[in-house]
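In case you want the letters, here they are:
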Amino acid sequence: MKIIIISMLLGICWARKLQIREAGPTYVCSHCQPEQIHIAFGEKVNDIVVTWSTFNDTQESRVQYGVGIMDKEAIGSSKLFIDGGKLMRSQYIHTVTLKDLKFNTRYVYHAGSVYGWSEEFSFHTPPAGEDWPVRAAIYGDMGNKNAHSLSYLQDEAQRNHFDMVLHVGDFAYDMDSNNALVGDEFMRQIQPLAAIVPYMTCPGNHEQAYNFSNYGARFTMPGPDSTLFYSFDLGPVHFVSISTEVYYFTHYGLKLIVNQYNWLREDLAKANLPENRRRRPWLVVMGHRPMYCSESNDIDCSCEYTRTGLLGVYGLEPLLMEFGVDLVIWAHEHSYERTWPLYDNKVYNGSYDKPYVNPGAPVHIITGSAGCQEATDPFRPDPMSWSAFRSSDYGYTRLVAHNKTHVYMEQVDVDLKGKVIDSFWLVKNQHKPYNIKH
Ligand SMILES: *[C@@H]1O[C@H](CO)[C@@H](O)[C@H](O)[C@H]1NC(C)=O
Ligand SMILES: *[C@@H]1O[C@H](CO)[C@@H](O)[C@H](O)[C@H]1NC(C)=O
Ligand SMILES: *[C@@H]1O[C@H](CO)[C@@H](O)[C@H](O)[C@H]1NC(C)=O
Ligand SMILES: *[C@@H]1O[C@H](CO)[C@@H](O)[C@H](O)[C@H]1NC(C)=O
Ligand SMILES: [Fe+2]
């Protein structure tokens, strides 16, 4: 009897074992599930780059995608990223480029490998050409904690309100914190918007650890020097992203200042070739630390290195004038501020009643109040003469570049449940270098 029972049990076990062996999945890997999925524009805006992380090596990086159904596949690669912290935590960061997509088309995709796939996402490629309104969400200084604007941005992105996001530096607070666990968590928090809308970035001071390596590894921006600077054309706008941090963390190389200055000069000159400026008249530059601000407690601003350069050389403000940059977007101050047309601390109102109609100088926007654990910054009691509007409520900025002559911007106040507290039109029928004697 005993023997029968034992052999029956053994038989059941044996059958179980067989069953597992037969029905078991062929590809098993315990930390190969894709996470932190996000997209960006590639070398052109109908190339979309998908980036994600896995904690084990999946040997392959694949994106299956298509219009309506995922009937195409693109192959990319992964890089082992090792954080500079004590634990030297590692992860594989995968990038796959979906090339030559149809314009103005919704694609579905998922990312992964034989070891596991992400959920399905979709994105809408931009229309072809220049004659369509570009809609962007713009903000800086959004952290893993206290990210007041995050739910608004996730919601708006999923309602298809944006063609892209510009995150103007300072992520997560900080991506390298707690052995880069904070970075991982932040990348998961932005996935609901960053996996469906191109998430375009520039580095801020909070990215500086280990030579900006968390930033450089996690975000895939276009161009060979994309950890520092890059540019792209979208609709009637030429967008330029720079690193203001090269002026502040000089121990990573003084030559970075020179390289960026020379690149920016060349990039803006190219954008000003008559044929280019005619097709894409708007020039928008973004960088993290502002050239102007009016916080009461900020010593960075008085340095003004980005504006005037180090020891008076390689300052960037003269380039804004020389090449007729229309709009400059900064963050770093945890507040929102709009300037009158401004150059070298002087206001150049186009016509006094309508300062933004053919303005006499670039207009600056500082939008660093998306929300982070450092809260918002108070202002000096008396606004500077160049200050047109300021608010230290949490929020983010919307931009609509309607066409070659009209750009609209507004500030969303999330403390006031999404109320628009500031808006203005920038109107130009001629885009060209400013006529300012220096
Ligand atoms: C995946 O990662 C874990 C923990 O780091 C490790 O123990 C395991 O061997 C790795 N490989 C596979 C194929 O799961
Ligand atoms: C820091 O990184 C940049 C590229 O992002 C590189 O050009 C530079 O040489 C690095 N500096 C140091 C000190 O490693
Ligand atoms: C610029 O125009 C605005 C709006 O008309 C006005 O309030 C401001 O005082 C002007 N500034 C200068 C310096 O003309
Ligand atoms: C540009 O957009 C503005 C605002 O929508 C509109 O009033 C204007 O007529 C447009 N111009 C052209 C040439 O379409
Ligand atoms: Fe900052």
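All figures in this text were calculated on a predicted structure; none of them were measured in a lab. (Residues numbered from 1 in each chain as written. Chains lettered and ligands numbered in written order. Predicted model: local features only at pLDDT ≥ 70, side-chain atom pairs only at ≥ 80, totals over all residues. Heavy atoms only, no water.)

Trainee: Let's hear about the sheet that holds strand S14 (residues 199-201): which residues, and what values?
Mentor: Strand order across the open sheet formed by six strands is S14-S12-S10-S26-S27-S28, with mixed pairing between neighbours. Since the sheet does not close on itself, it has two edges, and those belong to S14 and strand S28 (419-427), each with one partner. Strand-to-strand twist across the sheet, computed as the mean angle between neighbouring axes with direction ignored, equals 20 degrees. Sheet analysis places strand S26 (residues 395-401) next to strand S27 (residues 406-413), joined by seven bridges and oriented antiparallel. Paired with glycine 395 across the two strands is aspartate 413, which belongs to S27. Set on the sheet, helix H3 (residues 177-194) makes contact with strand S10 (134-139), strand S12 (164-167) and S14; between it and S14 the angle comes to about 125 degrees. (Pairing = 2+ DSSP bridges. Helix = DSSP H or I, 4+ residues; strand = E, 2+ residues; numbered from the N terminus. Axes fitted to C-alpha atoms, helices over the stretch in contact; angles between N-to-C directions. Contact = heavy atoms within 4.5 Å.)

Trainee: Before we move on, can you summarise the domain arrangement of the protein chain with the specific residues and values?
Mentor: Here the protein chain is described as being made up of domain 1 (31-124) and domain 2 (134-427). Averaged C-alpha coordinates put domain 1 and domain 2 at centres separated by 26 Å. Tallying the contact residues gives 31 residues for domain 1 and 31 residues for domain 2. Summed over both sides, the interface between domain 1 and domain 2 buries roughly 2,400 Å², with carbon and sulfur atoms accounting for 55% of that surface. Among the residues of domain 1 in contact with domain 2, Gln36, His38 and Phe41 are the three that bury the most area, contributing 25% of the side total. A salt bridge links aspartate 184 to arginine 89, with the nearest nitrogen and oxygen atoms 2.8 Å apart. Mapped by element, the contributors of at least two residues to the side of domain 1 that touches domain 2 are strand S1 (35-41), strand S2 (48-54), strand S6 (90-98), strand S7 (106-113) and strand S9 (121-124). Per-element accounting of the side of domain 1 that touches domain 2 gives the leading share, seven residues, to S1. Of the residues assigned to the side of domain 1 that touches domain 2, the class counts are 15 nonpolar, nine polar and seven charged. (Domains from an automatic or database assignment. Buried area = accessible area lost by both parts, 1.4 Å probe. Salt bridge = Lys/Arg side-chain N within 4 Å of Asp/Glu carboxyl O. Nonpolar A, V, L, I, M, F, W, Y, C, P; charged D, E, K, R; others polar.)

Trainee: Describe the site of ligand 2, listing the residues and the values that go with them.
Mentor: Around ligand 2 sit Asn211, Thr227, Tyr252, Lys255 and Leu256, and that is every residue in its neighbourhood. Between ligand 2 and asparagine 211 there is a distance of 2.5 Å, counted from an oxygen atom to a side-chain nitrogen or oxygen. Taking tyrosine 252, its main chain carries an N or O atom lying 3.0 Å from a nitrogen atom of ligand 2. Taking 360 Å² as the accessible area of ligand 2 by itself, protein coverage stands at 52%. Residue composition of the shell around ligand 2, by class: two nonpolar, two polar and one charged. (Near = heavy atom within 4 Å. Polar contact = N/O pair within 3.5 Å; in protein donor to acceptor, adjacent residues only side chain to side chain. Areas by Shrake-Rupley, 256 points an atom, 1.4 Å probe, with all protein chains shown as cover.)

Trainee: Could you give an account of the coordination of the iron ion (ligand 5), with specific residues and numbers?
Mentor: Coordination of the iron ion (ligand 5) by the protein is provided by Asp170 (OD), Asn205 (OD1), His288 (NE2) and His332 (ND1), with metal-donor distances spanning 2.1 Å. For the iron ion (ligand 5), all donor residues lie on one chain, and their spacing in sequence is D-x34-N-x82-H-x43-H. Residue aspartate 170 is located in the loop between S12 and strand S13 (171-172), and its partner asparagine 205 is located in the loop between S14 and helix H4 (209-218); the two are separated by 35 residues in the primary sequence. Each member of the pair, aspartate 170 together with asparagine 205, is buried. (Donors = N, O, S within 2.8 Å, 3.2 Å for Na, K, Ca; no water. Buried < 20%, exposed > 50% of the residue type's maximum accessible area, 1.4 Å probe, protein only.)

Trainee: Talk me through the packing of aromatic side chains; I want residue IDs and the actual numbers.
Mentor: Any aromatic ring pair is given by two values, namely how distant the centres are and how the planes are angled relative to each other. Taken as a whole, this structure holds 23 aromatic pairs when the rule is applied. Taking 6.2 Å as the distance between ring centres and 45 degrees as the angle between the ring planes, the aromatic pair formed by tyrosine 65 and tyrosine 107 counts as tilted. Of this pair, tyrosine 65 sits in strand S3 (residues 62-66) while tyrosine 107 sits in strand S7, placing them 42 residues apart in sequence. Each of the two residues, tyrosine 65 as well as tyrosine 107, counts as buried. Look at tyrosine 215 and phenylalanine 219: their rings are 5.7 Å apart centre to centre, the planes differ by 40 degrees, and that puts the pair in the tilted class. Taking the relative accessible area as the measure of exposure, tyrosine 215 reaches 2% and is therefore buried. The buried category is assigned to phenylalanine 219, whose relative accessible area is 4%. Among the aromatic residues, those joined into a cluster by ring pairs are Tyr65, Tyr107, Tyr109, Phe121 and Phe123. (Phe/Tyr/Trp six-rings, centres within 6.5 Å; stacked < 30°, edge-to-face > 60°.)

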